[in-house]
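If you want the building blocks of each chain, they are given just below.
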There are 2 protein chains.
Amino acid sequence: MLKIAKSVEYALFAIKYIHESGNRECVSVKEISDSMNIPYELLAKIMQRMVKNGIITSQHGTNGGYILNNKPDAIFLGQIVGALGLKIQMTDCLVHDPTVSDCARFKTCCLRSPISKIQDKINLLFDHTTVQELI
Amino acid sequence: MLKIAKSVEYALFAIKYIHESGNRECVSVKEISDSMNIPYELLAKIMQRMVKNGIITSQHGTNGGYILNNKPDAIFLGQIVGALGLKIQMTDCLVHDPTVSDCARFKTCCLRSPISKIQDKINLLFDHTTVQELI
DNA sequence: CATATATCCGACTAAAATTATCGTATATCT
DNA sequence: AGATATACGATAATTTTAGTCGGATATATG
Ligand code: SF4
Ligand code: SF4
């Protein structure tokens, strides 16, 4: 229960790898996926999502790859989760747009509010944890 | 991501229902599942698990059912999770018996320890949240 | 300009976890 | 004895997550 997505781990490993590659121009998905034993296609998708969300920058073509936009201590765990299109959602009803919830109990449920508070605390935890602390 | 098991919600609803039934002898699964719209068989199993873990007591036979062993303010969310055989486990490696982990990265992984600390905080949160606060 | 390399992106498939159901046994009240 | 209700393991259905595939676009280099 309360499992973190594998993709988040992969993203963190990738950031760590690029960061430790230091001054090199950029690092390709192939190199990362080979070194860290991460499925190539899956990691590629993860990288693309992180580009879209401004965490890394991509370089197409020969000798291309990815560069970190920020130091790991300026990237937050919550950012990674968001970039991957994921979100912390403990129940079906805790969505940004509450009209979307398909839970039949929605209107009368007593759990929503207190669970929401717990979720908020976890979100806060994620938003304050830097990638530096994780890698 | 980080979804709470539906069974936990069902368990909480059941406890709430029994609690609000007040001074009655005991409350059957059928009555709870009908009132709260919870699948009967599933709730039955949940109740059995809670019996085994001392949260409720069962009464077999005609007019049987379940009774709360404690007031909701003396039952903790973490207890419910544990009773249902669930546990907060953010990664594959964060198991009680670490030799069981089947993650190939286990030995060298840098994420385990920091993620474990986050998990500890969430566990603490669960262990300090009473059912009273939730229902 | 041609070619090799590497990112981009949506759709698809496979695997795992969760949720729900079934069948049968056991206990208890009337 | 008969009706009612819990006990419990096994199985099925559903949902979510993880991983794969195919084809497109961009760029360095010769
Ligand atoms: S409304 Fe209540 S039952 Fe429905 S998803 Fe939210 S917490 Fe769960
Ligand atoms: S060892 Fe690392 S990669 Fe493996 S499950 Fe734990 S955190 Fe994830």
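Report follows, based on the coordinates. Please read all numbers here as calculations on a predicted model, not as lab measurements.

The rules behind each value
Residues numbered from 1 in each chain as written. Chains lettered and ligands numbered in written order. Predicted model: local features only at pLDDT ≥ 70, side-chain atom pairs only at ≥ 80, totals over all residues. Heavy atoms only, no water. Near = heavy atom within 4 Å. Nonpolar A, V, L, I, M, F, W, Y, C, P; charged D, E, K, R; others polar. Polar contact = N/O pair within 3.5 Å; in protein donor to acceptor, adjacent residues only side chain to side chain. Helix = DSSP H or I, 4+ residues; strand = E, 2+ residues; numbered from the N terminus. Phe/Tyr/Trp six-rings, centres within 6.5 Å; stacked < 30°, edge-to-face > 60°. Lys NZ or Arg CZ within 6 Å of the ring centre and 35° of its normal. Contact = heavy atoms within 4.5 Å. Buried area = accessible area lost by both parts, 1.4 Å probe. Salt bridge = Lys/Arg side-chain N within 4 Å of Asp/Glu carboxyl O.

### Section: the site of ligand 2
Reasoning step 1: Around ligand 2, the surrounding shell consists of Glu9 and Phe13 of chain A together with Thr91, Asp92, Cys93, Cys103, Arg105, Phe106, Cys109, Leu111 and Arg112 of chain B.
Reasoning step 2: Of the chains in the model, those with residues near ligand 2 are chains A and B.
Reasoning step 3: By residue class, the composition of the shell around ligand 2 is six nonpolar, one polar and four charged.

### Quick look at the protein's contact with DNA strand C
Reasoning step 1: The environment of DNA strand C is formed by 30 residues, the closest being Lys45, Ser58 and Tyr66 of chain A together with Lys6 and Leu42 of chain B.
Reasoning step 2: Counting only atoms of DNA strand C within 4 Å of the protein, the sugar-phosphate share comes to 65%.
Reasoning step 3: Taking His60 of chain A, its side chain carries an N or O atom lying 3.4 Å from a sugar or linking oxygen of DNA strand C.
Reasoning step 4: Here a base oxygen of DNA strand C sits 3.0 Å away from a polar atom, N or O, in the side chain of Lys45 of chain B.
Reasoning step 5: Sort the elements by how many residues they give to the surface near DNA strand C and helix H3 (residues 40–52) of chain A lands first, with five residues.
Reasoning step 6: Counted by class, the surface near DNA strand C contains nine nonpolar, 15 polar and six charged residues.

### Re the packing of aromatic side chains
Reasoning step 1: In this structure the tally under the stated criterion is zero aromatic pairs over all chains.
Reasoning step 2: The ring of Phe106 of chain A has Arg112 of chain A sitting right over it, with the charged end atom 4.2 Å from the ring centre.

### Quick look at the site of ligand 1
Reasoning step 1: As a matter of local geometry, ligand 1 sits amid Thr91, Asp92, Cys93, Cys103, Arg105, Phe106, Cys109, Leu111 and Arg112 of chain A together with Glu9 and Phe13 of chain B.
Reasoning step 2: In this structure, ligand 1 sits where chains A and B come together, each supplying nearby residues.
Reasoning step 3: Tallied by class, the residues present in the shell around ligand 1 amount to six nonpolar, one polar and four charged.

### Quick notes on the interface of chain B and chain A
Reasoning step 1: Contact residues are listed per partner, giving 39 residues for chain B and 39 residues for chain A.
Reasoning step 2: Across the chain B/chain A interface, buried area totals approximately 3,400 Å², and carbon plus sulfur atoms make up 69% of it.
Reasoning step 3: It is Met1, Leu2 and Arg105 of chain B that lose the most area in chain B upon contact with chain A, and together they represent 24% of the buried surface on that side.
Reasoning step 4: The tally of links from chain B across to chain A stands at two salt bridges.
Reasoning step 5: Two residues, Asp92 of chain A and Lys6 of chain B, come together in a salt bridge whose shortest N-O distance is 3.1 Å.
Reasoning step 6: Here chain B is connected to chain A by 14 residue pairs in polar contact (both at pLDDT 80 or more).
Reasoning step 7: Secondary structure elements with two or more residues in the side of chain B that touches chain A: helix H1 (6–20), helix H4 (77–83), helix H5 (112–128) and helix H6 (131–134) of chain B.
Reasoning step 8: Class assignment for the residues of the side of chain B that touches chain A results in 26 nonpolar, four polar and nine charged.

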